[in-house]
Amino acid sequence: LLHPAYARQVVAMAEGILAHGQDRVSGDVIDIGTGPGTALLMLCELIPELRVNAVEPDDVAIAHLEAVSGIQPRILPQKGDFLAFDAPAASQDLLTSVGASHHFNTAFMLKKSHELLKPGGILCVADEFLPEFHDRQTRLQALVRHHSAYILTTAAFLDRCDLTDTNPDLLGDYEDIKQSLSLAVLEAQRGLIEEAVTRCRALYLRLNECGWSASASSPLDAHVRFFRLEMQAMVAGFDYEVERKTYTRRFLEMAGMNGFQLLEHRRVFATSGTDDWQGGTHVITLRKPEAH
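Residues numbered from 1 in each chain as written. Predicted model: local features only at pLDDT ≥ 70, side-chain atom pairs only at ≥ 80, totals over all residues. Heavy atoms only, no water.

Trainee: Is there a simple way to explain the overall build of the protein chain in this structure?
Mentor: Broken down by element type, the protein chain carries nine helices and seven strands. The C-alpha radius of gyration computed for the protein chain amounts to 20 Å, which stays within 12% of the reference 19 Å derived for 292 residues, consistent with globular compactness. When the backbone C-alpha atoms are referred to their principal axes, the protein chain occupies close to 60 × 45 × 30 Å. Evaluated residue by residue, the protein chain yields a buried proportion of 51% over its 292 residues. Across the protein chain, contacts joining residues at least 24 apart in sequence account for 72% of those joining residues at least 6 apart. (Helix = DSSP H or I, 4+ residues; strand = E, 2+ residues; numbered from the N terminus. Rg over C-alpha atoms; globule rule 2.2 N^0.38 Å. Buried < 20%, exposed > 50% of the residue type's maximum accessible area, 1.4 Å probe, protein only. Contact = heavy atoms within 4.5 Å.)

Structure follows, in structure tokens:
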């Protein structure tokens, strides 16, 4: 919830759905990779007609989803992998996904979505995308700049607050995050990619060595926990194939290859790059064409 683009991506998604699929929100909807369900709860508040099958494979996330469904009975948790989700072909009017598309084999997710949608059906995806990259070095550079931007933008707002009464150890962790990431971004921008990556890995290790209680003790503690999760995503991007996110133009190329038409694309938060196809949080609305 502290992510600077978390709520605005859901608002943009609701706007895209209502602009292009107003007639498709009254039936059952599938949400792909729902996670703990906070974003989906927001979407259901914005579009009260939705009744959503929330498909999520993770046990911990499903437990959160069940709690959310107690608040909002129109959210129906469905444990399992979306790629194996059992629903008839061409049976769905609307599919949504917030923050999950990069966890999938993108082409497989798009193919499955196209199979499930009726002709004229809508797929709306909100997710983080890196700026364009062309090899390992430019991808590593993109990861450092992209994830650091979310943290440093949030820190700029935090620095306007009075933090004088904060726990000294926590304040030290916060200062370490700001200083280390500022230096890492400068190194990445100057082409010192391996130095930037080494600095970010070391920061993430230091954050993991902190003693984390079950819940945050203060607003700054909550933010530092968010920063640690953002660092975790960055380091996962360095190391694991599943986190090697594609960029926006490539995602749309794959969508076109899988039979989708682009209805709308918006970058709702910019992390790097001057045009709206570069790094940040994007909301993409696609349609399966009507049969002729």
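Trainee: Sorry if this is basic, but what is going on with the pattern of salt bridges here?
Mentor: Pairing between side chains of opposite charge can happen when their charged atoms approach one another. Applying the stated criterion across every chain, the model contains 14 salt bridges. For Arg225, the salt bridge goes to Asp221, with nearest N and O atoms at 3.2 Å. In this pair, Arg225 and Asp221 are both assigned in helix α8 (residues 219-239), four residues apart and thus about one turn of the helix distant. For Asp221, a relative accessible area of 8% translates into the label buried. Here Asp276 and Arg267 are joined by a salt bridge, their closest N and O atoms 3.6 Å apart. (Salt bridge = Lys/Arg side-chain N within 4 Å of Asp/Glu carboxyl O.)

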